[in-house]
Amino acid sequence: MSIQVAALSKVYGVQKAVNAISFEAKTGVLGFLGPNGAGKSTTMKMLTGYIPPTDGTATVNGFDIIKQPLEVKRSIGYLPESNPLYTDMYVKEALDFIAGIHQLHDANKRIAEVIEQTGLGPEQHKKIGQLSKGYRQRVGLAQAILHDPQVLILDEPTSGLDPNQLIEIRQLISELGRSKTVILSTHIMQEVEAVCNNVIIINKGNIVANDTLANLRDKNANASLESIFIKLTNA
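From a predicted model like this one, the values you see are computed outputs, not experimental measurements.

Some remarks on the packing of helix 4 (residues 107-118) against helix 5 (residues 133-145)
The contact between helix 4 and helix 5 brings their axes to 10 Å, and the two run at 135 degrees. As judged from the angle between their axes, helix 4 and helix 5 are oblique. By crossing handedness, the relation of helix 4 to helix 5 is classed as right-handed. Here helix 4 contributes Arg110, Val114, Gln117 and Thr118 to the contact with helix 5, which in turn contributes Arg138, Ala142 and Ile145. Residue composition of the contact of helix 4 with helix 5, by class: three nonpolar, two polar and two charged.

See the structure below:
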């Protein structure tokens, strides 16, 4: 099992942002959905070791997020919603810097592969600060997959992409999901329907659905995912 989450909670003062949630994620693409403030990003930050949980536990590739944080971080590629980038660096220079952090062997070959995968070829010699928002997203995704992690956690990875770019990045995420565990957070329901095998919907810190897309539709009179989402998160 790539990710196992057991009774994971996060409390800020008197607010319970995540309330004892439990789930498993295997190889494939898991859609992690919820309205703003539902606890999605908080959960992903706990899984990556960015913030500690208040209670509960989780393992990533068998490594405990509390007891083995470095091993967890080595196993994960993370694209946060804010997508922090070194905007004064050139694209290829930034990827070379990230490769150095991960101590990659044959870094130049791997950088070339990732530039090809993410469609950054035409922009690779530009400064990141000169790129459009869509291409900046591609740089963030390239950084996340550069060290070939077994688990990818992607928070709004297609934000700012035009329709053509959307199709390309969806195809890439689908390909990555064939051999890796991918948790994809997005507000775009068509994106989930296009690439996800399973779906978790979280609302007010609680999981309100955890199933395959087909089963979710069967249980809801074959309604659209958008309709199911609205029904479950307005309850």
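What about the layout of surface pockets?
Of the volumes computed, that of the largest pocket is approximately 930 Å³. Considering every element that reaches the lining of the largest pocket, the biggest residue donor is strand 6 (residues 76-79), with four residues. Residue composition of the lining of the largest pocket, grouped by class: 13 nonpolar, ten polar and five charged. Surrounding the second largest pocket, 14 residues form its lining, Glu24, Ala25, Lys26, Leu30 and Asn198 being those nearest its centre. Considering every element that reaches the lining of the second largest pocket, the biggest residue donor is strand 3 (residues 28-33), with three residues. Of the residues contributing to the lining of the second largest pocket, the split by class is five nonpolar, six polar and three charged.

Observations regarding the UniProt feature "domain: ABC transporter" (unreviewed entry) in the protein chain
In the numbering used here, UniProt assigns the "domain: ABC transporter" (unreviewed entry) feature to residues 3-229. The span residues 3-229 shows a helical share of 37% and a strand share of 27%, and its end C-alpha atoms are spaced 24 Å apart.

Section: the sheet that holds strand 5 (residues 63-64)
The four strands lie next to each other as 2-1-4-5, forming an open sheet whose pairing is antiparallel. If you trace the sheet from one side to the other, it starts and ends with strand 2 (15-25) and strand 5, each paired once. Inspection of the sheet shows strand 1 (residues 3-12) paired to strand 4 (residues 55-60) by five bridges, in the antiparallel sense. In the strand pairing of strand 4, serine 9 is matched with aspartate 55.

So, the nonpolar core
Membership of the largest hydrophobic core comes to 46 residues, with the highest contact counts inside it found for Leu33, Leu154 and Ile173. Ranked by residues supplied to this core, first place goes to helix 5 with six residues. Within the second largest apolar cluster, 24 residues are counted, among which are Ala38, Leu47, Ile51 and Ile200.

Remarks on the pairing of strand 10 (residues 206-212)
Judged from the six bridges that link them, strand 9 (residues 198-203) and strand 10 form a sheet pairing that is antiparallel. In the sheet register, valine 199 faces strand 10, and the bridge partner there is aspartate 211. Between strand 9 and strand 10, which pair antiparallel and follow one another directly, the connecting turn spans two residues, one of which, lysine 204, has a positive phi of 50 degrees.

Describing the pattern of salt bridges
Here the structure, examined in full by the defined rule, presents six salt bridges. A salt bridge links aspartate 148 to lysine 180; the nearest nitrogen and oxygen atoms lie 2.6 Å apart. Linking aspartate 148 in the loop between helix 5 and strand 7 (151-155) with lysine 180 in the loop between helix 6 (163-176) and strand 8 (181-185), this pair joins segments that are 32 residues apart in sequence. The class for aspartate 148 is partly exposed, based on a relative accessible area of 43%.

Topic: unusual backbone geometry
Negative phi values dominate among residues other than glycine, just as trans dominates among peptide bonds. Here the phi dihedral of glutamine 103 falls at roughly 55 degrees; this positive angle occurs in a residue that is not glycine. Mapped onto the fold, glutamine 103 is located in the loop between helix 3 (91-101) and helix 4. The backbone of lysine 204 shows a phi angle near 50 degrees, a positive value even though the residue is not glycine. Here lysine 204 is to be found in the loop between strand 9 and strand 10. Classification of lysine 204 by relative accessible area gives exposed; the value is 60%.

As for the sheet that holds strand 8
Within the open sheet, the six strands sit side by side as 6-7-8-3-9-10. Their pairing is mixed. Sheet topology places strand 6 and strand 10 at the edges, where each strand pairs with a single neighbour. Averaged over all pairs of adjacent strands, the angle between strand axes in this sheet comes to 15 degrees, irrespective of strand direction. Contacts from helix 6 reach strand 3, strand 7 and strand 8 within the one sheet, and its direction differs from that of strand 8 by about 145 degrees. The strands touched by helix 9 (residues 225-233) within the sheet are strand 3, strand 9 and strand 10, with strand 9 carrying the most contacts at an inclination of about 30 degrees.

Basis of the calculations
Residues numbered from 1 in each chain as written. Predicted model: local features only at pLDDT ≥ 70, side-chain atom pairs only at ≥ 80, totals over all residues. Heavy atoms only, no water. Axes fitted to C-alpha atoms, helices over the stretch in contact; angles between N-to-C directions. Helix = DSSP H or I, 4+ residues; strand = E, 2+ residues; numbered from the N terminus. Parallel < 35°, antiparallel > 145°, perpendicular 65-115°, else oblique. Left-handed = near helix turned anticlockwise from the far one by under 90°. Contact = heavy atoms within 4.5 Å. Nonpolar A, V, L, I, M, F, W, Y, C, P; charged D, E, K, R; others polar. 1 Å grid on protein atoms, 1.4 Å probe; cavity = no way out; pocket = protein on both sides within 12 Å on 5 of 7 lines; lining within 4 Å. Points joined across faces, edges and corners; volume = space filled by probe spheres on them. UniProt positions renumbered as here; feature names shortened; annotations may be inferred. Pairing = 2+ DSSP bridges. Core = buried A, V, L, I, M, F, W, Y, C linked by side-chain atoms within 4.5 Å. Buried < 20%, exposed > 50% of the residue type's maximum accessible area, 1.4 Å probe, protein only. Salt bridge = Lys/Arg side-chain N within 4 Å of Asp/Glu carboxyl O.

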